[in-house]
Amino acid sequence: MSLYTLTAEKQQVLDMVRDFCKNEIAPVASELEHADEYPHAIVEKMKELGFFGLTIPERYGGFAIDYVTYALIIEEITRHWMSVAGILNSHLIMAYIVEKYGTEEQKMTFLPKFATGECRGGLALSEAEAGTDVQNISTKATLNGDHYIVNGSKMFITNARYGNTFILAAKTNSKIEPRYKGISLFIIEKGNDGFYVQRDIEKLGYKGVKTCEITFENFRVPSNQLIGGEEGKGFKQVLGGLELGRVNVAARGVGLARAAFEDSIKYAQERKTFGVPICEHQAIQLKLGDMGTKLEAARLLTLNAATKLQNGERSDLEAGMAKLFATEAGFELASEGMRIHGGYGYTKEFNIERYYRDSPLMLIGEGTNEMQKIIISKSLVEKYKI
């Protein structure tokens, strides 16, 4: 943190989050995670404290936290239980897209409700045949008078079970080429007929937060909830939202890496073999040295991307690098942490097994890391073009 000194006010916010994590999340995380139980009480407390408005501008009722502080907050929450960070992140990406691309009427209507958590949810983007390949979505929205009629289905939707408001990506023009020009985004709300949460998808990790399949059958969406009021802008709007998404996924990678490192270095000083703490064995020292270095590098890459985003600069390259490195670091450190814990690391008595199950998700979320490498390469060629 030597390169990123927080003001007293921002440090106070971060300290509040740390206290919240220690007092409200840490005591119940393991029990709720293993039961795959949604943390209702934690979410209600987050609403009271204004967490759902962290990045929303003050004029709409939010805290207007800068993205560096935001990344540190997400790291802190993830260090204690990544699922809680997921409940918050999907919601704030939705708010970011409305803030950046919505009409003033849409901002005035929804952002204050997002800030209080009265309306909360996330993105209805992925489909069974469209994940990273966003332009392949098949859900359609057809204008009919003053409403759009939506038909289709979505997969892997975070917050779909207990959220009530989402940003939906749908095709408003299936004939235009290239295909991405036919995508539009809508603010949708539960309550009307035709919106069905079909099932909760069982997962390896990332438990507690519900990830669902949803379907739409002649679901009516008011035309004034087309984001920005113009069709065909959805692909650009999604990419803009994913810049913030990649920063927060990178921050989650840092949080997981930190959790694995801190638990492991503590255990390595307590556990003894052959008469000495295992931290004195060279094999463990090599692991800890790599883990600490990768953790620090991941955090610096993430905060650099957050700084660029906060300054309004183009940050797709930096966000991609941060997402790639930090999530790989989270995955690697969780694995190394399990090795350091030995047999105990494979049991539910220690949290390392949870980090090990949670970490692969970050390699996939907000675009696979394989795709990140391609995006990074193309950006680098453009940056260093001769």
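Residues numbered from 1 in each chain as written. Predicted model: local features only at pLDDT ≥ 70, side-chain atom pairs only at ≥ 80, totals over all residues. Heavy atoms only, no water.

What's the story with the packing of helix H5 (residues 82-101) against helix H6 (residues 104-116) in this structure? I'm lost.
The relative placement of two packed helices is expressed as an angle between their axes plus a distance between the axes. Between H5 and H6, the shortest axis-to-axis distance is 10 Å and the interhelical angle comes to 160°. In terms of orientation, H5 and H6 fall into the roughly antiparallel class. The handedness of the crossing between H5 and H6 comes out as left-handed. Residues His91, Met94, Ala95, Val98 and Glu99 of H5 form the contact with H6, whose own contacting residues are Gln106, Lys107, Leu111 and Phe114. (Axes fitted to C-alpha atoms, helices over the stretch in contact; angles between N-to-C directions. Helix = DSSP H or I, 4+ residues; strand = E, 2+ residues; numbered from the N terminus. Parallel < 35°, antiparallel > 145°, perpendicular 65-115°, else oblique. Left-handed = near helix turned anticlockwise from the far one by under 90°. Contact = heavy atoms within 4.5 Å.)

Would you take a moment to explain the side chain of Glu75 for this structure?
Tracing the backbone shows Glu75 in helix H4 (residues 67-80). Classification of Glu75 by relative accessible area gives buried; the value is 6%. A polar contact is formed between the side chain of Glu75 and the side chain of Arg299, at a distance of 2.8 Å. Excluding residues that lie within four positions of it along the chain, Glu75 makes contacts with Ala251, Val254, Gly255, Arg258 and Arg299. (Buried < 20%, exposed > 50% of the residue type's maximum accessible area, 1.4 Å probe, protein only. Polar contact = N/O pair within 3.5 Å; in protein donor to acceptor, adjacent residues only side chain to side chain.)

Please explain helix H8 (residues 282-310) as it appears in this structure.
Helical geometry note: an α-helix holds 3.6 residues per turn, so side chains three or four residues apart project in the same direction. With 29 residues, H8 should cover 42 Å at 1.5 Å per step; its first-to-last C-alpha distance of 42 Å lies within 8% of that length. Among the residues of H8, those classed as buried are Ile284, Lys287, Leu288, Met291, Leu295, Ala298, Arg299, Thr302, Leu303, Ala305, Ala306 and Leu309. Gly312 sits one or two positions beyond H8 and adopts a positive phi of about 75°. (Expected span 1.5 Å × (residues − 1).)

Got a minute to help me understand the pairing of strand S5 (residues 183-189) in this structure?
Burial runs high along S5: six of the seven residues are buried. In this sheet, S5 lies alongside strand S4 (residues 165-171) in antiparallel orientation, the contact comprising seven bridges. Bridge pairing in S5 places Ile167 opposite Ile187. (Pairing = 2+ DSSP bridges.)

Can you walk me through H5 in this structure?
Across its 20 residues, H5 extends 28 Å between first and last C-alpha, which sits within 8% of the 28 Å expected from 1.5 Å per residue. Burial of H5 is extensive: 18 of the 20 residues sit out of reach of the surface.

Can you help me understand the environment of Val134 in this one?
As for its placement among the helices and strands, Val134 is situated in the loop between strand S1 (121-124) and strand S2 (140-144). On the basis of relative accessible area, Val134 is assigned to the buried category, the value being 9%. Contacts of Val134, omitting those with residues within four sequence positions, involve Leu125, Ile183 and Phe235.

I keep staring at the pattern of salt bridges and nothing clicks. Help me out?
When the charged atoms of two side chains lie near each other, side chains of opposite charge can form a pair. Applying the stated criterion across every chain, the model contains 26 salt bridges. For Arg199, the salt bridge identified is with Glu213, shortest N-O distance 2.8 Å. Taken as a pair, Arg199 in strand S6 (residues 195-200) and Glu213 in strand S7 (residues 211-222) lie far apart in primary sequence, 14 residues in all. Residue classification places Arg199 among the partly exposed residues on the basis of a relative accessible area of 39%. (Salt bridge = Lys/Arg side-chain N within 4 Å of Asp/Glu carboxyl O.)

How do you make sense of unusual backbone geometry when you look at a structure like this?
Apart from glycine, the bulk of residues carry a negative phi angle, and the bulk of peptide bonds sit in the trans form. The omega torsion across Glu177 and Pro178 is -10°, close enough to zero to call that bond cis. The topology assignment puts Pro178 in the loop between S4 and S5. Phi is positive for Phe156, close to 60°, though the residue is something other than glycine. The topology assignment puts Phe156 in strand S3 (residues 147-158). Of note in this structure, Glu366 is not a glycine but carries a positive phi near 60°. Within the secondary structure layout, Glu366 lies in the loop between helix H10 (352-364) and helix H11 (369-383).

Remember, this is a structural readout, not a statement about activity or role.
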